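Coordinates in review
As a plain string of letters, each chain reads:
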Amino acid sequence: MSPGESSTGLKQFARLFLSVEDEKNSRECVVSESLVWIMVTGNSPMRAFLASGLSVCIASKNINVTLVESGRGLPNAGYYFTFEPEEYLLPALDKKKLLKRSLSDSLRFIYARTPSLFEPFEENFARNTETHIIIEAFDFLQGDQTDYWEELLRISAFYSLNYGNERLVPDVIIIINSGDQLQNVGLFDSIVEFAPEATVFTGGEVLDELAGRIDAKKLNILAGMDISFGRRLPPSGPFFSGFTNTLLQKIGSRWKGKQKDVVR
Amino acid sequence: MSSDNNINSSIAVLGRLIMKKAVRSLFSNFCSEIMQFSNQLSKEFTRFEITFYSGDGILLKVSPYSELFLVSIGENPSIDVRVLDRGGFVRGLDLSLKHYLDSLSEV
C-alpha cells in the first residue's frame, strides 16, 4: 500500500467517526463574513429598494448573501423579488408571519415586521463559497435605539455560517435619511458605541455637523440610480455596481486584516 | 401620538358601517397599512369615506359599506376594488402600493 492510499484509508476511517454536523462545522469555520446595516429613517420604500438591489448585486459577485429585513411599512423586499402579492403581503395580514426563502444558490432572504420574530434558515446555501455577507435592512426608530440594535446584533448570529460564531458587529453602515429624525438624535454617538470600526455612508439630508461626528462618507443615491420604485424587480444600474465595488473593497480589506491576525 | 389616536378612532367610527366583524377588521388593517406608506400622506374623513392623498398625485379612497369596503385607486378613471375577504384585501393593497410607488417615481 502506498502512503497515499494509506492516507485516503485513514480519512475514510476518520469519516466514520465524524458526524455530518462536525464535518459541516469544520468546513464552515473558514468563511469570511461581514455584517452590513442599512438603516432608513421614516416610512420609505428605500429600505426594500436599496436592500434588494444591493443584495442581488453582491450575490452576482460570487459571494453568498443573506438579506435580513425588518420594518413595519410596505413595501418589503419581497415586492422587488417578484413574490406573488399573497406572499409578500402575508405579514400585513398576519403580523407574526415571516417571509423566508432561498432566492438563488447564493442569495437568501428573510423578512419580519419585528426582529423578535426572526428564526434561522433550516438549510445552508446550495453553493458553498468562502465568503458571506449578511445585510440587515431596517427602519430607524425614534427614541432609544439600544434594545432594537441589540436585537439586530443578536440575530446576526442566526445567519452566520461560522460554527459557534457569536453575533457580528457591522463593518459597514448605510444610513438613508428620508425624514427629519437625524437632526435631533444621538444616532452617530450610538454608532460609535455599537460599531466603532464601521465605515459609515449617509444618503439623503444629513446635517454636516452630525455626519462630522464620525467619518461618514456621503452617498449620492440619486446619481446613477433609476428610481422606479413601482417596478417589481430588484433595481440595478451604475449606482449599484459602483457602490458594490466600493463596499467589497472595504469589506475585503477587513477580511485580509483578520486573516493576518489569525496567521500571527 | 394624540393625532394618531384621533385618526385611529375616526377609522374605527367609519368601520362601524361594516356589519361583518372580519371585514371590519380588514378595513382597519387596510387603512393602517396605507397610513404606513408615508408620513407625508394627508387624510380626509367624511361620514362615508376616508381619502389618502398627497401632492405627488397619490389618491386612494376607502369607502365602507355594510358587507364590504371599496378601494378606489387614482382618479379619472379610478380602479375600484371590492374587498369582502382576504383575497380582496391583498388585491386592493397590492394595487394601492403600486399606485403609491409609481406616483413617487414620477416625482
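A brief look at the structure comes next. (Residues numbered from 1 in each chain as written. Chains lettered and ligands numbered in written order. Predicted model: local features only at pLDDT ≥ 70, side-chain atom pairs only at ≥ 80, totals over all residues. Heavy atoms only, no water.)

Here we come to the sheet that holds strand 3 (residues 59-64) of chain B. Residue and element names in this part refer to chain B. The strand order 1-2-3-4-5 describes an open sheet built from five strands, whose pairing is antiparallel. Edge strands, defined here as strands with exactly one partner in the open sheet, are strand 1 (42-45) and strand 5 (79-83). Pairwise comparison of adjacent strand axes, ignoring direction, gives a mean angle of 15° for this sheet. Both strand 1 and strand 2 (residues 50-53) contribute to a ladder of four bridges, which runs antiparallel. Residue pairing for strand 2: Lys43 is matched across the bridge by Phe52. (Pairing = 2+ DSSP bridges. Helix = DSSP H or I, 4+ residues; strand = E, 2+ residues; numbered from the N terminus. Axes fitted to C-alpha atoms, helices over the stretch in contact; angles between N-to-C directions.)

Let's shift gears to empty space enclosed by the protein. Taken as a whole, this structure holds one cavity of 30 Å³ or more when the rule is applied. Estimated volume of the largest cavity: approximately 40 Å³. Along the walls of the largest cavity sit Gly42(A), Asn43(A), Ser44(A), Arg47(A), Gly73(A), Leu74(A), Asp139(A), Gln36(B) and Phe37(B), which together make up its complete lining. (1 Å grid on protein atoms, 1.4 Å probe; cavity = no way out; pocket = protein on both sides within 12 Å on 5 of 7 lines; lining within 4 Å. Points joined across faces, edges and corners; volume = space filled by probe spheres on them.)

A general tendency of soluble globular proteins is for nonpolar side chains to be buried together. Among the nonpolar cores identified, the biggest contains 76 residues, and Ile174(A) and Phe69(B) are the most heavily contacted of them. Sequence-distant contacts of Ile174(A), defined by excluding residues within four places in its chain, comprise Val36(A), Trp37(A), Ile38(A), Met39(A), Leu50(A), Leu54(A), Phe201(A), Leu219(A) and Phe243(A). Judged by nonpolar contacts, the second largest core, of 29 residues, contains Leu35(A), Phe118(A), Val200(A) and Ile214(A). (Core = buried A, V, L, I, M, F, W, Y, C linked by side-chain atoms within 4.5 Å. Buried < 20%, exposed > 50% of the residue type's maximum accessible area, 1.4 Å probe, protein only. Contact = heavy atoms within 4.5 Å.)

The next point concerns the pattern of salt bridges. Tallied over the entire structure, the rule returns 13 salt bridges over all chains. Here Glu33(B) and Arg113(A) are joined by a salt bridge, their closest N and O atoms 3.0 Å apart. Here Glu33(B) is found in helix 2 (residues 21-35), whereas its partner Arg113(A) is found in the loop between strand 4 (107-112) and strand 5 (131-140) on a different chain. A relative accessible area of 10% places Arg113(A) in the buried class. Through salt bridges with shared partners, one network takes in Arg47(A), Glu69(A) and Asp139(A). (Salt bridge = Lys/Arg side-chain N within 4 Å of Asp/Glu carboxyl O.)

We now examine the side chain of Ser160(A). All names here are of chain A. Turning to its location among the elements, Ser160 is positioned in the loop between helix 7 (146-159) and strand 6 (170-177). In this structure Ser160 comes out as buried when scored by relative accessible area, which is 12%. Among the polar contacts made by the side chain of Ser160, one reaches the side chain of Glu33 at a distance of 2.7 Å. A polar atom in the side chain of Ser160 sits 3.1 Å from the backbone nitrogen of Asn162. (Polar contact = N/O pair within 3.5 Å; in protein donor to acceptor, adjacent residues only side chain to side chain.)

What follows covers the environment of Ser241(A). Residue and element names in this part refer to chain A. Note on placement: Ser241 falls in helix 10 (residues 238-263). Overall, Ser241 belongs to the partly exposed group, its relative accessible area being 31%. When the C-alpha positions of Ser241 and Cys57 are compared, they lie 6.6 Å apart, and in sequence the two are 184 residues distant. Engagement of the side chain of Ser241 in a polar contact is seen with the backbone oxygen of Pro238, the distance being 3.3 Å.

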